[in-house]
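One-letter residues, chain by chain:
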Amino acid sequence: MLRANYHTHTTFCDGANTAEEMAHQAIDLGFEALGFSGHVDPGVQMDWEDYASEVLRLRSTLRDKIDILLGAELDNLFDPSCCLEAEYLIGSTHFIPVDVTLDGCVDMNPETSVRCCREYFGGDWYAYCRAYYEFESEVFSRTHCTFVGHFDLVTRFNDELHAFDEEDPRYLRPALETMEHLVQQGVPFEVNCGAFNRGRKAELYPRQSLLQALHDFGGEIFINSDAHEKGLLDGGFETAVERAIACGFTHVNTLRHDAHGQVEVRQLALDTL
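Quick notes on the rules
Residues numbered from 1 in each chain as written. Predicted model: local features only at pLDDT ≥ 70, side-chain atom pairs only at ≥ 80, totals over all residues. Heavy atoms only, no water. 1 Å grid on protein atoms, 1.4 Å probe; cavity = no way out; pocket = protein on both sides within 12 Å on 5 of 7 lines; lining within 4 Å. Points joined across faces, edges and corners; volume = space filled by probe spheres on them. Helix = DSSP H or I, 4+ residues; strand = E, 2+ residues; numbered from the N terminus. Nonpolar A, V, L, I, M, F, W, Y, C, P; charged D, E, K, R; others polar. Axes fitted to C-alpha atoms, helices over the stretch in contact; angles between N-to-C directions. Parallel < 35°, antiparallel > 145°, perpendicular 65-115°, else oblique. Contact = heavy atoms within 4.5 Å. Patch = residues over 30% accessible without salt bridge, like charges linked within 9 Å, V, L, I, M, F, W, Y side chains within 5 Å. Areas by Shrake-Rupley, 256 points an atom, 1.4 Å probe, with all protein chains shown as cover. Salt bridge = Lys/Arg side-chain N within 4 Å of Asp/Glu carboxyl O. Lys, Arg positive; Asp, Glu negative; His and termini not counted. Charge placed at Lys NZ, Arg CZ, Asp CG, Glu CD. Buried < 20%, exposed > 50% of the residue type's maximum accessible area, 1.4 Å probe, protein only. Core = buried A, V, L, I, M, F, W, Y, C linked by side-chain atoms within 4.5 Å. Expected span 1.5 Å × (residues − 1). Arc of directions from axis to C-beta. Polar contact = N/O pair within 3.5 Å; in protein donor to acceptor, adjacent residues only side chain to side chain.

*Asks:* Explain the layout of surface pockets to me, please; I cannot follow it from the model alone.
*Replies:* Empty space within the largest pocket amounts to approximately 440 Å³. Lining the largest pocket are 29 residues, and of these Asp 14, His 39, Asp 107, Arg 198 and His 228 sit closest to its centre. When residues of the lining of the largest pocket are assigned to their parent elements, the largest contribution, three residues, is made by helix 8 (residues 194–197). Here the lining of the largest pocket is composed, by residue class, of 10 nonpolar, 10 polar and nine charged.

In structure tokens, the structure reads:
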């Protein structure tokens, strides 16, 4: 089993459990590393100082049991200077930039997405998706992220709405162009299990056809549960490993502190998990 997760939410943002509860769950699961990634975006207000203080306290008190990392899930709209203490950043695009910020949230609820598509894109879902990927293409240059979070989040409600065909060239072309652009910039992608492990989507992010394209473009991956509660800290890992191997990936990236306390990227062979 994969024994690390770097996309972890707590009661400091929109999670159900405290950071300490998540850390002890990780230890019980035999994790070697746990990265906390509190939200920094327009929809979730988090007290950064309290959050960072608690994560660093846990790192100190649990150092003999697990490697704790201080991260942040930084939205594409935000300036990285708001979380300079973070040891790693997830670059995520939760919003399409429209006149009223929260109107452009792609994962708030189906009604918000439908309203945004109707009011800003004339009901054209492919234009809506294209705008999302045009903004997503800037996520690395804007956030300087360690890896890209849930790349195709724009599909969050599509299992329910059936608003667009995810294999239609009008959807795939901008998605693939953006993916290739980000791979060329050298930024890895996460295989995000969050919506899958909560029963909200049948596919992981990115969906299988996009994950295959990521491999073919030469991309690198992390695997994360996007856990918002302790019971799902390793949720979806087995499926993610199987699907990554099916696409031809041979290894997954992890983050750990080295002997000098600096965060380094390590690789684990997928066939050993």
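So, next bit.
*Asks:* Just to check I follow, could you spell out the packing of helix 3 (residues 110–121) against helix 4 (residues 125–136) for this structure?
*Replies:* Axis separation between helix 3 and helix 4 bottoms out at 9 Å; the angle between their running directions is 95 degrees. Here helix 3 lies roughly perpendicular to helix 4, going by the angle between them. Note on element contacts: helix 4 touches helix 3 through Trp 125, Ala 127, Tyr 128 and Ala 131, opposite Ser 113, Val 114, Cys 116, Cys 117 and Phe 121. Across the contact of helix 3 with helix 4, the residue classes tally to eight nonpolar, one polar and no charged.

*Asks:* Would you explain a negative patch on the surface in this entry?
*Replies:* Together, Asp 47, Glu 49, Asp 50 and Glu 85 give the surface a local cluster of negative charge. As for its position among the elements, Glu 85 is in the loop between strand 3 (67–75) and strand 4 (88–92). Note on Glu 85: relative accessible area 47%, which makes it partly exposed.

*Asks:* Sorry, what's going on with the pattern of salt bridges here?
*Replies:* Working definition: two side chains of opposite charge can pair if their charged atoms are close together. All chains considered together, the criterion is met by 14 salt bridges. With its nearest N and O atoms 3.5 Å apart, the salt bridge here joins Arg 256 to Glu 32. Within this pair, whereas Arg 256 is found in strand 8 (residues 251–257), its partner Glu 32 is found in the loop between helix 1 (19–28) and strand 2 (33–40), the two being separated by 224 residues in sequence. Taking the relative accessible area as the measure of exposure, Glu 32 reaches 46% and is therefore partly exposed. The partner of Arg 170 in a salt bridge is Asp 168, with the nearest N and O atoms 3.0 Å apart. Asp 168 sits in the buried class, given a relative accessible area of 14%. Through salt bridges with shared partners, a single network forms among Glu 166, Glu 167, Glu 203 and Arg 207.

*Asks:* I would appreciate a short explanation of the nonpolar core in the present structure.
*Replies:* One recurring pattern in soluble globular proteins is that nonpolar side chains are buried together. Phe 36, Trp 48, Tyr 128, Phe 151, Tyr 171 and Ile 223 are the most contacted members of the largest nonpolar core, which has 76 residues in total. Broken down by element, the residue count for this core peaks at eight residues, all from helix 4. Apart from residues no more than four positions distant in its own chain, Tyr 128 is found in contact with Ile 96, Val 106, Ser 113, Cys 116, Cys 117, Phe 121 and Val 154. Grouped together as the second largest cluster of nonpolar side chains are nine residues, Ala 4, Tyr 6, Ile 90 and Leu 255 included.

*Asks:* Where do I start with empty space enclosed by the protein in this structure?
*Replies:* Over the atoms, a rolled probe matching the size of one water molecule traces out where space is still vacant. This structure, assessed with the given rule, holds one cavity of 30 Å³ or more. Every residue lining the largest cavity is listed: Val 106, Ser 113, Trp 125, Tyr 128, Val 154, Phe 157, Asn 158, Leu 161, Ala 163 and Phe 164. Counting only elements with at least two residues in the lining of the largest cavity, the list comes to helix 4 and helix 6 (158–161). By residue class, the composition of the lining of the largest cavity is eight nonpolar, two polar and no charged.

*Asks:* How do you make sense of helix 2 (residues 48–61) when you look at a structure like this?
*Replies:* The periodicity of an α-helix, 3.6 residues per turn, causes residues three or four places apart in sequence to face the same way. Given a rise of 1.5 Å per residue, 14 residues ought to cover 20 Å, and the 20 Å separating the end C-alpha atoms of helix 2 matches this to within 8%. Within the sequence span of helix 2, burial applies to Trp 48, Tyr 51, Ala 52, Glu 54, Val 55 and Leu 58. One side of helix 2 carries all its buried residues, which in axial view fall inside an arc of 165 degrees. Away from its buried face by more than 90 degrees, helix 2 exposes Glu 49 and Thr 61. Packed against the buried residues of helix 2 are helix 1, strand 2 and strand 3. Looking at where helix 2 begins, the residue whose side-chain oxygen comes 3.2 Å from the main-chain nitrogen of Glu 49 is Asp 47.

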